[in-house]
Amino acid sequence: MSVSTVAAAVAATDQQSVCAPLPVLGQDVTVPLVTGGEVTYAALDYAASAPALQRVWDDVAAYAPYYGSVHRGAGHLSRLSTELFENARKTVAGFLDCRGTDQVVFTRSTTDSLNLLARALPAGCQVFVFETEHHASLLPWRHAQVTCLDAPRTPRQAVRALELALADRDPYGPALVCVTGASNVTGELWPVRELAAAAHAHGARIVLDAAQLAPHHPVSVRDLDVDWVAFSGHKLYAPFGAGVLAGRADWLREAEPYLAGGGASREVARRADGGVDVQWHDGEARHEAGSPNVIGAYAIASACTALTEAGFDTLVAREQHLIRTVREGLAEVPEVRILSLFDADAPRVGVISFVVAGWNSAHFAAALSAEYGIGVRDGLFCAHPLLRTLLGGDPRTRGECGGPDAAVRVSFGAGTPDEHVERFVTAVGELVRNGAKWTYRTENGRCVPSV
């Protein structure tokens with residue numbers, strides 16, 4: 001999705017009523033409050049794991065009685081499960097608008113996908129990443145020659161920094177750029193298409209970490225012109241621990257299997273000297289050793305179908321309405337500072353991190369949970385270099401419960417009711433003005449009520 005498309009979606013919310021949230025599991029779950037009574041839980045930690053879409057749960061439940069082995073049996077249920085699994089691959093390829101020669105490999109998560117690609121790098125490949133990456137896209141490349149670029153302060157600066165780094169690489173051999181589509185800390189969209197053009201202009205390839213982008217915006221491999229894309233099902237409203245690596249086949253086909261075992265091998269034979277000769281598959285199976293997670297793959301495909309049918313234009317318009325509600329509400333509290341790399345008007349998804357003067361993040365998040373029934377995230381969000389760059393030496397990140405140098409993150413998406421973000425904004429204001437109603441202590445590294 002382009003910046004202009006996001007802007008159009010924002011404008012659309014001023015001219016039409018905002019659509020209802022998509023049905024997700026857990027909407028009626030109640031939780032106890034330390035102040036007494038119960039309240040409907042406000043799940044505002046979508047960036048970690050989004051609740052399952054009801055549609056996904058229903059689809060999986062309908063298939064569950066027919067569960068069978070994949071690629072391994074002649075029986076009816078095995079053949080049915082194999083067909084389901086391969087159709088899920090086709091659905092994901094369509095969802096990502098893959099090229100005809102691209103492969104869709106099912107993995108465990110974004111982290112697993114990027115580690116798989118790291119294992120497939122050709123000899124001498126140099127990797128370029130920004131310090132702004134999630135650890136899933138920052139750490140897998142440590143066995144290659146890695147250039148870590150400073151956090152840019154504008155999208156244009158990001159593109160220019162990458163161009164200079166790629167042009168200066170020595171030796172001028174194979175290279176891979178890894179970039180996020182939407183930050184898991186600030187929610188800001190990155191200039192993926194422009195970064196891809198810069199990479200290709202300098203003879204490099206690019207992989208897109210779409211973990212935070214795919215649940216919020218359409219991702220087109222063709223339009224963005226990326227070589228690979230990785231994302232996780234559990235952030236796309238699909239539980240059961242599956243992920244995707246989709247893209248060009250050549251590096252994957254030429255690499256040793258990520259996992260060695262059944263399913264990845266076409267033929268195995270003993271040698272006279274006692275060793276083993278193996279012929280590996282060339283397609284997706286090469287990196288899908290073991291019994292496939294058919295339910296996880298089917299859940300991802302179901303979520304892809306549900307989001308496509310709901311229409312991303314409608315979903316984006318609604319999410320922009322929620323983003324505006326949160327940002328305008330937090331702006332009314334002078335003690336709150338929203339963390340951002342780019343300017344306030346930069347297009348973004350529903351992920352917002354902030355610090356509060358006089359509060360430690362762990363204490364603040366614990367109070368939101370215990371006193372208001374609101375679930376958010378606190379800490380460094382598996383993006384330590386970025387958070388420390390954004391936080392700097394700000395004294396507002398210091399507090400009396402838990403460690404220093406951290407933030408609070410609120411995140412939401414297609415299943416979030418308006419009431420939940422409105423309750424969150426109200427709770428932030430009340431906590432800052434009146435303080436916590438309860439006392440909190442550190443237990444096993446976490447802030448909890450002292451009850």
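Conventions we followed
- Residues numbered from 1 in each chain as written.
- Predicted model: local features only at pLDDT ≥ 70, side-chain atom pairs only at ≥ 80, totals over all residues.
- Heavy atoms only, no water.
- Salt bridge = Lys/Arg side-chain N within 4 Å of Asp/Glu carboxyl O.
- Helix = DSSP H or I, 4+ residues; strand = E, 2+ residues; numbered from the N terminus.
- Buried < 20%, exposed > 50% of the residue type's maximum accessible area, 1.4 Å probe, protein only.
- Phe/Tyr/Trp six-rings, centres within 6.5 Å; stacked < 30°, edge-to-face > 60°.
- Lys NZ or Arg CZ within 6 Å of the ring centre and 35° of its normal.
- Axes fitted to C-alpha atoms, helices over the stretch in contact; angles between N-to-C directions.
- Parallel < 35°, antiparallel > 145°, perpendicular 65-115°, else oblique.
- Left-handed = near helix turned anticlockwise from the far one by under 90°.
- Contact = heavy atoms within 4.5 Å.

**Quick word on the pattern of salt bridges**
Reasoning step 1: According to the stated counting rule, one finds 19 salt bridges in the structure shown.
Reasoning step 2: Residue R193 is joined to D223 by a salt bridge in which the shortest nitrogen-to-oxygen separation is 2.5 Å. You can see R193 sitting in helix α7 (residues 192–201) and its partner D223 sitting in helix α8 (residues 221–224), a full 30 residues away along the chain.
Reasoning step 3: The exposure class of R193 is partly exposed, given its relative accessible area of 29%.
Reasoning step 4: With a shortest N-O distance of 2.7 Å, D418 and R318 are connected by a salt bridge.

**Some points on the packing of aromatic side chains**
Reasoning step 1: Enumeration over the complete set of coordinates arrives at 12 aromatic pairs.
Reasoning step 2: Centroid distance F130 to W190: 5.2 Å. Interplanar angle 55 degrees. Geometry classified as tilted. In this pair, F130 sits in strand β5 (residues 126–130) while W190 sits in the loop between β7 (175–180) and α7, placing the two residues 60 residues apart along the sequence. With respect to burial, F130 and W190 carry one shared label: buried.
Reasoning step 3: On the numbers, 5.0 Å between centres and 90 degrees between planes, the contact of W359 with F364 is edge-to-face.
Reasoning step 4: Ring-pair connections join several aromatic residues into one group, and the members of that group are F354, W359, F364 and F424.
Reasoning step 5: Geometry around F381 places R409 over its ring, the cationic atom sitting 4.9 Å from the centre.

**Section: the packing of helix α12 (residues 361–372) against helix α14 (residues 418–434)**
Reasoning step 1: It is at 11 Å that the axes of α12 and α14 come closest, and there the two elements cross at 115 degrees. For the element pair α12 / α14, the angle class is roughly perpendicular. Here α12 runs over α14; the crossing is right-handed. Counting all contacts with α12, which are made through F364, A367, L368, E371 and Y372, the residues of α14 involved are R423, F424, A427, V428, E430, L431 and V432.

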